[in-house]
Amino acid sequence: MRSGNPTLKDSTFLDLGSGAIVRGGDDVMTLAGTVNKTGMLLLMAVLTAAFTWSQVSTPAGIVGAGPYLWGGLIGGLVLALVTVFKKEWSPVTAPLYALVEGFFLGAISAMFNHMYEGIVMQAVLLTFGTLFALLFVYRTGLIKATENFKLGVAAATGGIFLVYLASMVLGFFDIRIPLIHESGLVGIGFSLFVVVIAALNLVLDFDFIETGAEQGAPKYMEWYGAFGLMVTLVWLYIEFLRLLAKLRD
């Protein structure tokens, strides 16, 4: 039951005291319920993203995006951490996360689209195309979430996180990691690698949610599973934006 997504991990469906599977009685998690709640979270994010886009996009260019960008980024991070550590609160915190994250997505999408016209629609189509393609190959058994597969994706995800963390910390001292953030072959290759790892995390999440439904996890875990998928999709969308921008350059 391991997932590369840090919001969906082994302990999610386990009682930390006894180590036993947490079951929700008759009112249990289902795949259909998780899918429906994922759709609701995506709709909420789209609504606040569209509102933000309309507020910051002007004939003169992008204006006042900062509060939406940083407010959405920091607020989304806080709500994500609360959801991870208090998963029983996910019926409330997951929708709040989607709404707040929408402000960040709307601001950053407007900024990218101002620099590269049409890039947002391309990134959206690629994100959802990847989602449905991987769901298809997972359901047909073409990709199996074996233990070695899970370990490999989790390790690669952790490595990417450390690289991004190092880039952020070094950025405070005006130091940039060379090549990987540029538009050359190395930078494009790095972005392609990150997109692949982000996409493979979807496979692990599908497997994790399916296992939770089979094990009879509590009903509120539908919201938590939807939240985990939302986190991966947001990451995948941002990485597609970065990759497409490098290709445009």
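Residues numbered from 1 in each chain as written. Predicted model: local features only at pLDDT ≥ 70, side-chain atom pairs only at ≥ 80, totals over all residues. Heavy atoms only, no water.

For the protein, an unreviewed UniProt entry supplies the name Membrane protein and the organism Lysobacter arseniciresistens ZS79.

**Comments concerning the packing of helix H4 (residues 119-139) against helix H7 (residues 221-248)**
Interaxial distance between H4 and H7 falls to 9 Å at its minimum, and their mutual angle equals 130 degrees. On the basis of their axis angle, the class for H4 and H7 is oblique. Two packed elements cross with a definite hand, and for H4 against H7 that hand is right-handed. Across from Ile119, Val120, Gln122, Ala123, Val124, Leu126, Thr127, Thr130 and Leu131 in H4, the residues of H7 making contact are Leu233, Leu236, Tyr237, Phe240, Leu241, Leu244, Ala245 and Arg248. Taken together, the residues of the contact of H4 with H7 break down into 13 nonpolar, 3 polar and 1 charged. (Axes fitted to C-alpha atoms, helices over the stretch in contact; angles between N-to-C directions. Helix = DSSP H or I, 4+ residues; strand = E, 2+ residues; numbered from the N terminus. Parallel < 35°, antiparallel > 145°, perpendicular 65-115°, else oblique. Left-handed = near helix turned anticlockwise from the far one by under 90°. Contact = heavy atoms within 4.5 Å. Nonpolar A, V, L, I, M, F, W, Y, C, P; charged D, E, K, R; others polar.)

**Looking at the packing of aromatic side chains**
This model, assessed by the stated rule, comprises 6 aromatic pairs. Seen from their ring centres, Phe51 and Tyr68 are 6.5 Å apart, and the 75 degrees between their planes marks the pair as edge-to-face. Of this pair, Phe51 sits in helix H1 (residues 31-56) while Tyr68 sits in helix H2 (residues 65-85), and the two are 17 residues apart along the sequence. Accessibility expressed as a relative area gives 22% for Tyr68, which makes it partly exposed. Each ring, one from Tyr68 and one from Phe103, has its centre 6.1 Å from the other, and the planes form 40 degrees; the classification is tilted. You can see Tyr68 sitting in helix H2 and its partner Phe103 sitting in helix H3 (residues 90-115), a full 35 residues away along the chain. The class for Phe103 is partly exposed, based on a relative accessible area of 26%. One aromatic cluster is present, built from ring pairs that chain together Phe51, Tyr68 and Phe103. (Phe/Tyr/Trp six-rings, centres within 6.5 Å; stacked < 30°, edge-to-face > 60°. Buried < 20%, exposed > 50% of the residue type's maximum accessible area, 1.4 Å probe, protein only.)

**Here we look at the nonpolar core**
The tendency in soluble globular proteins is for nonpolar side chains to be buried side by side. With 56 residues, the main nonpolar core has Leu41, Ile119, Leu202, Met230, Ile238 and Leu241 as its most contacted residues. When contributions to this core are tallied by element, the ones reaching two or more residues are H1, H2, H3, H4, helix H6 (185-215) and H7. The next biggest cluster of nonpolar side chains, apart from the first, holds 6 residues, and it includes Ile160, Ile180, Phe190 and Ile197. (Core = buried A, V, L, I, M, F, W, Y, C linked by side-chain atoms within 4.5 Å.)

**Overview of the environment of Ala154**
Structurally, the position occupied by Ala154 is in helix H5 (residues 147-171). Taking the C-alpha atoms as reference points, Ala154 and Leu200, separated by 46 residues in sequence, lie 9.7 Å from one another.

**A closer look at the pattern of salt bridges**
Scanning the entire structure with this criterion turns up 6 salt bridges. Across the pair Arg242 and Glu239 runs a salt bridge, and its minimum N-O distance is 3.5 Å. A residue pair is termed a helical-turn pair when its members lie 3 or 4 positions apart in one helix, as Arg242 and Glu239 do in helix H7 at 3 residues. Overall, Glu239 belongs to the buried group, its relative accessible area being 3%. One network of salt bridges, in which partners are shared, links Lys37, Lys219 and Glu222. (Salt bridge = Lys/Arg side-chain N within 4 Å of Asp/Glu carboxyl O.)

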